[in-house]
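Below are the chains, spelled out letter by letter.
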Amino acid sequence: MRSTPTLAVFALSLCCAASSQAASSQPDYQVQVRRTSYGIPHIQAANWGSLGYGYGYAFAQDNVCVLAREVLAANGTQSRYFGSATLNADRVYKMVNSPARVEAAWAVIDSETRDLLTGYADGYNRYLRDTGASALPADCRDQPWVQPITGADALRVLRKLLVRASTGNFVNGLVAAFPPAPATAQAPSALPATLLASAKLPPVQTPIIDPADLPDFSPERFGSNAVGLGGDLTGGGGALLGNPHFPWFGIERFYAVHLTIPGRYDAMGASIFGFPLINIGFNRHVAWSHTVSTARRFVLRELAIVPSQPMSYVVDGQTVSMQPETVSVDVRQADGSVVPTSHTFWRTQYGPVVVPTGGAGWTNNRAYALTDVNLENSRAFRQYREMATARNLDEFAAVLRRHVALPWVNTIAADSAGNAFYADIGSMPNASNAKLAACIKPGLSAGLAAAARIYALDGSLSACDLGTDADAPEPGIFGAGNMPGLMRRDFVQNSNDSYWLANPAQRLEGFSQIIGADENRPQGLRTRLGITQIRDRQAGSDGLPGAGFGRQWLQDVLYGNRHYSAEIMLDGVLQVCAAHNPNVTIGAQSVNVAAACAVLGNWDRRNNTGSVGAHLWTELWRRLSGSPNAISGLPSVSNVLYAVPFDAADPVNTPRGLNMASTLVAARVMGELAYTVQFFTDNGIPLDRPWGQIQFDQRNGESIAIHGGSGGSGVYNAIVPGALVPGVGYTPIFGGSSYIQSVSFTPSGPQAQAVLTYSQSSDPANPHYADMTRLFSNYGWVSLPFAEGDIRRDPNLTVLKLREKR
């Protein structure tokens, strides 16, 4: 897939006499940036400052506009340049990243992280100076919002990322928290000492809450698969597949990179935009990936408001006053003028007041406060540095347990000794199941827990405060001893369900619902497929080339694009097709489904680009597995859909099969099939069009077929496209498989291949804007040159040397 080899070596050694920084005792920035095929930078320096400098420069070459815009977002200043569309977010991040909070965070992080972030900012600034505003990519050319940044700005970007699964999900709710007018009432009297001691409350009652009113924690937006294979399966060193499902746009993309400080740090993989360390990757002995965790990284506290003083609340019978925090955001008007607007947040000892749902507003009796345990999580940066220097999984696991700093992900890893490791060890609020049972009050708070696992503890009792474990690095979070972890010699896996079935042979159970609430409950289809694929390989029935387990098998599994819901349900649908009149009446129309049944009968039950029928099943299963449209008149079959119901003793294989004994199920299948046919007919999409002509991305006018499909429907290679464009198809691609890596270990070192589905650069004029996207479309991989000799032999090698006085 590579172009004709032509070695081009560019050596640029520039020394800038003038610097925006004051004279410093720090060593000069000096770094080498070598790029290999597909634009992957290999950055080598002697210290953390210079490493960050090289990374900031290289990243800006490919994605300067995205980072410039994110710096605005993290500072709460987007509205100044783009108007009020981002006003709520600007208000929240003005608070999250206030000067006082960022200054305090900067003082707490270790000196090597400060050097790294300062260097990263200076390298980015160097690129701006070298390039000039008029030569920047079109998205930000000559724009006033592209400005030099500081190390503190880089920290603000990372602080915003750390709260992505907590404060970041409550932006509108935080801004919506306005105090009510005072009521004429007496403050609640002191609570009995016996209640304070026991914190026992009445049984939970569940009111009806519309999940649409709640924050979206759906793995369809942020998901992932990962598999770690041990020596018992590979016959040697471990192997790893990492397949994070992330956005294809914006700051939450990955960037492939190799970072080296000789003798101290040597890791390759990918990092989220703006994070100048390897987040997912490998070194000589260990490879790791992440999947989005089911654990909640926040709790709410239900406040007992003093009716006559709505900005006061009661804790242990004592009245406590809230504290106002006012932020000011400049907002660009339609006429180009800029007008400041202020907003006041109300802070409690637990955090800011928030409105978690339309039915949970701030009243004269009750309000909610948000406790975000990642808000001041400064440990994550050092943890990622140390993860990448581990020499085996024992050392790697010790890093996780020491820092407990991962913000919202599981970890799956393998090492050269043939071990495989799973853990959901990260920053989580310390609320045991006993505390949840005692401290979630009946009514609305119980409903929040039931509808979206939003846990609201009684804020009127200090007995309901978050606990602290002896092995926790800071108060209020679990220590690693109360979080799930598993070391195996066969395999571990995760596909965004909880820890429960990391390996079904050794189930992990008994942890707080804060971490996961699906023990002994039905698992997602990707989880079931991931385990099924391993079992099929062991049985010799997976139909894939070769024998045994290893890196190649992991790649074949991902690109196999099996559609698991079809594997377990389509046979029944085809039987219903054969047994019923193909002319189905929906509303005033008669729809013939015979052609659709024929297409589904011939479909290979995969989402490859040449698969015919994938779009029919994807839409049909979406309809059949959900609630019927209210105007369709079709029956709900959620309780009778499956022939074999869920069995906790066999969670990988159940539920399964269409319930052929139910006439309701048959009626629903035929009705939804007719609606599916009508949907595609109305939108001008033929029933027999191949999947790659329906799902595609467009780059500079080129349509690039994208294989993979709905993760919720059971496609391992999850892809999230935009809504169907009539007469065109599903485009653009919004998210899904992103940085995919497969790594194995041999006596000579790691062997790794990867692909970045959306390519390295967000700039349409960049040569690396679409090259890996085409590679992914063609089921290809990049052999990652980790060893020095492989880097030097790369046919597309370029070299850039940078130096600047500090």
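Our structure's up above, just so we're on the same page.
Residues numbered from 1 in each chain as written. Predicted model: local features only at pLDDT ≥ 70, side-chain atom pairs only at ≥ 80, totals over all residues. Heavy atoms only, no water.

Account for the side chain of glutamine 695, naming residues and giving values.
With respect to the element layout, glutamine 695 can be found in the loop between helix H19 (663-682) and strand E25 (696-699). Setting aside its immediate chain neighbours within four residues, glutamine 695 contacts Ala705, Ile706, His707, Gly708, Ile719, Pro721, Tyr730 and Ile733. (Helix = DSSP H or I, 4+ residues; strand = E, 2+ residues; numbered from the N terminus. Contact = heavy atoms within 4.5 Å.)

A description of the pairing of strand E16 (residues 409-415) should follow, citing residues and the corresponding values.
Where burial is concerned, most of E16 is hidden: seven out of the seven residues are buried. Residue alternation in E16 divides its side chains into two sets, Val409, Thr411, Ala413 and Asp415 and Asn410, Ile412 and Ala414, and both sets are buried. Pairing of strand E8 (residues 286-292) with E16, which is carried by seven bridges, proceeds in the antiparallel orientation. Its bridge partner being in E16, threonine 291 is matched across the sheet by asparagine 410. In the sheet, E16 pairs with strand E17 (residues 420-423) via four bridges, with the strands oriented antiparallel. (Buried < 20%, exposed > 50% of the residue type's maximum accessible area, 1.4 Å probe, protein only. Pairing = 2+ DSSP bridges.)

Which residues make up the packing of aromatic side chains, and what values go with them?
The tally for this structure, following the rule as stated, stands at 26 aromatic pairs. Taking the centre distance of 5.8 Å and the plane angle of 40° together, the rings of tryptophan 288 and phenylalanine 396 count as tilted. One end of the pair, tryptophan 288, is in strand E8; the other, phenylalanine 396, is in helix H11 (residues 393-403), and 108 residues separate them in sequence. Just as tryptophan 288 is buried, phenylalanine 396 falls in that class too. Ring geometry for phenylalanine 549 and tryptophan 553: centres 4.8 Å apart, planes at 75°, overall edge-to-face. The same class applies to phenylalanine 549 as to tryptophan 553, namely buried. One aromatic cluster in this structure is built from Tyr55, Phe59, Tyr120, Tyr255 and Phe273. Here arginine 69 stacks its cationic end above the ring of phenylalanine 82, 3.6 Å away from the centre of that ring. When the ring centre of tyrosine 769 is taken as reference, the NZ or CZ atom of arginine 699 above it lies at 4.9 Å. (Phe/Tyr/Trp six-rings, centres within 6.5 Å; stacked < 30°, edge-to-face > 60°. Lys NZ or Arg CZ within 6 Å of the ring centre and 35° of its normal.)

So what's going on with the sheet that holds E17? Residues and values would help.
In a beta sheet, neighbouring strands pair by backbone hydrogen bonds and run either parallel or antiparallel. Strand order across the open sheet formed by ten strands is E19-E17-E16-E8-E7-E6-E5-E2-E1-E34, with mixed pairing between neighbours. With partners counted over all chains shown, the strands left at the sheet margins are strand E19 (485-488) and strand E34 (798-804), one partner each. Each strand of the sheet is rotated relative to its neighbour by a mean of 20°, with strand direction disregarded. As judged from the two bridges shared by strand E7 (residues 280-282) and E8, these two strands associate in the antiparallel manner. Paired with phenylalanine 282 across the bridge in E8 is alanine 287. (Axes fitted to C-alpha atoms, helices over the stretch in contact; angles between N-to-C directions.)

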